[in-house]
Amino acid sequence: MKQESTAQNTPPASPPTSSPVQHPRDDGDPQALWIFGYGSLVWRPDFAYSDSRVGFVRGYSRRFWQGDTFHRGSDKMPGRVVTLLEDHEGCTWGVAYQVQGEQVSEALKYLNVREAVLGGYDTKEVTFYPQDNPDQPLKALAYVATPQNPGYLGPAPEEAIATQILACRGFSGHNLEYLLRLADFMQLCGPQAQDEHLAAIVDAVGTMLPCFCPTEQALALV
Ligand SMILES: N[C@@H](CCC(=O)N[C@@H](CS)C(=O)NCC(=O)O)C(=O)O
């Protein structure tokens, strides 16, 4: 689906991305770059893009194993956001955004601050499979938080992750909003898009929320 988008647009049903020299090239348009989002980027890209597409990457699983002391947490109470874990049998759903021309440098400049400087993420080339056309995969750039970055928290029981998410907020909002918006996106992807780790954390939050605070306060969290 072709559309000129501004930074405020939420991701439409479907798009892809482009690259400068050091980034994966879009074979169709060497000046274009595909950027794959699988966390907050699926519902808040906040950069201008030309097209977007829902789909998945193989060989990775999504995990709430990255700490966040800016967007969804603080130095005293780091929130938890997602990264990609190499997993031979893994499959992670998200949105790929196509940036072209001047959009490329603008998007990379913006994401370098949001993801790398503030979030501790590195860039990685992945192969993206559009939901509507999985036989024609695309090279895309993804932002991945590796265990070597200082904010990395690593594995924890889903109940502990849920407790941390319920307790944290940062400059971009409550950590619970981050979790629930990602869960909403996965619902929209349909039954073929499963994420057991995400679902277990959402279930744990649902169990704890009534104890954590009364309903009206819970609704005020997000
Ligand atoms: N790189 C992943 C995760 C991105 C992510 O969630 N990054 C955090 C940085 S710690 C962010 O941008 N948060 C903005 C927000 O929470 O609204 C993606 O492609 O979506």
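Residues numbered from 1 in each chain as written. Predicted model: local features only at pLDDT ≥ 70, side-chain atom pairs only at ≥ 80, totals over all residues. Heavy atoms only, no water.

The protein chain appears in an unreviewed UniProt entry as Gamma-glutamylcyclotransferase from Panthera leo. Quoted straight from UniProt, the Sequence similarities (unreviewed entry) entry for the protein chain says "Belongs to the gamma-glutamylcyclotransferase family. ChaC subfamily." We quote the UniProt Catalytic activity (unreviewed entry) comment for the protein chain here in full: "glutathione = L-cysteinylglycine + 5-oxo-L-proline". (UniProt positions renumbered as here; feature names shortened; annotations may be inferred.)

Here's the deal with the sheet that holds strand 3 (residues 79-100)
Spatial strand order, 1-3-2-4-5: 5 strands in a closed barrel with mixed pairing. In this sheet, neighbouring strand axes are inclined to one another by 45 degrees on average, regardless of whether the strands run parallel or antiparallel. In this fold helix 1 (residues 102-117) packs onto strand 1 (32-37), strand 3 and strand 5 (138-144), with an angle of close to 145 degrees to the strand it touches most, strand 3. Seen against the sheet, helix 3 (residues 175-189) touches strand 2 (51-68) and strand 3 and runs at an angle of roughly 80 degrees to strand 3. (Pairing = 2+ DSSP bridges. Helix = DSSP H or I, 4+ residues; strand = E, 2+ residues; numbered from the N terminus. Axes fitted to C-alpha atoms, helices over the stretch in contact; angles between N-to-C directions. Contact = heavy atoms within 4.5 Å.)

Some thoughts on a nonpolar patch on the surface
Nonpolar side chains collect at one region of the surface, where V113, V117 and L118 lie side by side and expose about 240 Å² of accessible area between them. Inspection of the secondary structure assignment puts V117 in helix 1. Assessed through its relative accessible area of 58%, V117 is described here as exposed. (Patch = residues over 30% accessible without salt bridge, like charges linked within 9 Å, V, L, I, M, F, W, Y side chains within 5 Å. Areas by Shrake-Rupley, 256 points an atom, 1.4 Å probe, with all protein chains shown as cover. Salt bridge = Lys/Arg side-chain N within 4 Å of Asp/Glu carboxyl O. Buried < 20%, exposed > 50% of the residue type's maximum accessible area, 1.4 Å probe, protein only.)

Digging into helix 3
Its 15 residues give helix 3 an end-to-end C-alpha distance of 22 Å, which sits within 8% of 21 Å, the value for a rise of 1.5 Å per residue. Just downstream of helix 3, G190 is the residue with a positive phi angle, here 100 degrees. (Expected span 1.5 Å × (residues − 1).)

Things to note about the packing of helix 2 (residues 158-167) against helix 3
Where helix 2 meets helix 3, the axes come as close as 6 Å, and the angle between the chain directions of the two elements is 120 degrees. On the basis of their axis angle, the class for helix 2 and helix 3 is oblique. Residue-level contacts link Q164, I165 and L166 of helix 2 to N175, L176 and L179 of helix 3. Tallied by class, the residues present in the contact of helix 2 with helix 3 amount to 4 nonpolar, 2 polar and no charged. (Parallel < 35°, antiparallel > 145°, perpendicular 65-115°, else oblique. Nonpolar A, V, L, I, M, F, W, Y, C, P; charged D, E, K, R; others polar.)

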